[in-house]
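Residue strings, one per chain:
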Amino acid sequence: SISNLNEKCKLKQRMAMKKFLLLIAAVMISSAASAQYYDWAIGVRGGWDATSLSVKRVFNNGNAAEALVGWSYSKHGSGVNFTGLYEFNVPIIGNGFNLYYGAGAHVGGWTYKAGHDEGKNSGFNLGLDAIVGLEYSLKVAPLAFSLDWKPRLDFLPSTEFVATSLALGVKFTF
């Protein structure tokens, strides 16, 4: 009968939809699980305007907190910044590749030499940071490599936007 045939078709459609949804859920869970191969990382971030030591903690949801101690010594002056960042990780390309982005704040102190910046940025330093980058975590060795951009907005000692912080990073992961 036609009503019996309709019921069988609807049942097959529901079963196919359930299988499809289970497959989608399995793919999403496996890609999230392969997003990071580590819980902690310690390393170095070296770039255009500063070098930093980095400690990163990855949480169960794949996001991370990162602490940076950065320093710079140049012909114009020197200083140290302490930066805290909260980062969101998104798996891309394939296993081990992540896009990360986030924000945080920094505090530190800088001294500029006479004739540079008229001294307006010397002294206690406070501001906000953003970060966006790519990271590759090796599955076969406890290493991760990154390339990121970390612009900052200083509020003290004067208001200044600094966009020159492009850097490469290498971290030991565990």
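What you see is a predicted model, and the numbers here were worked out from it, not measured in a lab. (Residues numbered from 1 in each chain as written. Predicted model: local features only at pLDDT ≥ 70, side-chain atom pairs only at ≥ 80, totals over all residues. Heavy atoms only, no water.)

Draft legend 1. Molecular detail of the overall build of the protein chain. Within the protein chain, the regular secondary structure consists of one helix and 10 strands. Of the regular secondary structure in the protein chain, the N- to C-terminal order runs α-β-β-β-β-β-β-β-β-β-β. Counting the 174 residues in the protein chain, one finds 32% classified as buried. Surface accessibility of the protein chain: about 10600 Å² in total, with carbon and sulfur atoms responsible for 70%. (Helix = DSSP H or I, 4+ residues; strand = E, 2+ residues; numbered from the N terminus. Buried < 20%, exposed > 50% of the residue type's maximum accessible area, 1.4 Å probe, protein only. Areas by Shrake-Rupley, 256 points an atom, 1.4 Å probe, with all protein chains shown as cover.)

Draft legend 2. Here's a closer look at unusual backbone geometry. With an omega dihedral of 0°, the bond running from Leu-156 to Pro-157 counts as a cis peptide bond. Of note, Pro-157 is situated in the loop between strand E8 (152-156) and strand E9 (160-162).

Draft legend 3. Examining the pattern of salt bridges more closely. One pass over the structure, following the stated rule, counts seven salt bridges. In this structure, Asp-148 engages Arg-45 in a salt bridge whose closest nitrogen and oxygen atoms are separated by 2.6 Å. Highlighted residues: Asp-148 in strand E7 (residues 143-149) and Arg-45 in strand E1 (residues 40-47), separated in sequence by 103 residues. Side by side, Asp-148 and Arg-45 carry an identical accessibility label, which is buried. (Salt bridge = Lys/Arg side-chain N within 4 Å of Asp/Glu carboxyl O.)

Draft legend 4. Structural view of the side chain of Ser-165. Counting through the fold element by element, Ser-165 comes out in the loop between E9 and strand E10 (166-173). A polar side-chain atom of Ser-165 sits 3.3 Å from a polar atom in the side chain of Arg-45. Sequence-distant contacts of Ser-165, defined by excluding residues within four places in its chain, comprise Arg-45, Asp-49, Asp-148, Trp-149 and Lys-150. (Polar contact = N/O pair within 3.5 Å; in protein donor to acceptor, adjacent residues only side chain to side chain. Contact = heavy atoms within 4.5 Å.)

Draft legend 5. Summary view of the confidence of the model for the protein chain. Looking at the protein chain, the pLDDT average stands at 84 and 77% of residues meet or exceed 70. The least confident element of the protein chain is helix H1 (residues 2-33), whose mean pLDDT is 59; the most confident is E7, at 97. Taken as a whole, residues 24-34 scores under 50 in pLDDT and shows three contacts with residues more than four places along the chain or in a different chain. (pLDDT = per-residue confidence, 0-100.)

Draft legend 6. Local environment of the pairing of E1. As paired elements, E1 and strand E2 (residues 51-58) share seven bridges and run antiparallel to each other. Counterpart to Val-44 in the pairing with E2 is Leu-53. Hairpin remark: E1 followed by E2, antiparallel, with three residues in the connecting loop. In this sheet, E10 lies alongside E1 in antiparallel orientation, the contact comprising seven bridges. Looking at the pairing, Val-44 lines up with Val-170 of E10. (Pairing = 2+ DSSP bridges.)

Draft legend 7. Up close: the pairing of E8. In terms of strand pairing, strand E6 (residues 123-137) meets E8 through four bridges, oriented antiparallel. Opposite Leu-128, over in E8, you have Leu-153 as the bridge partner. If you look at the hairpin formed by E8 and E9, you'll find three residues sitting between the two strands.

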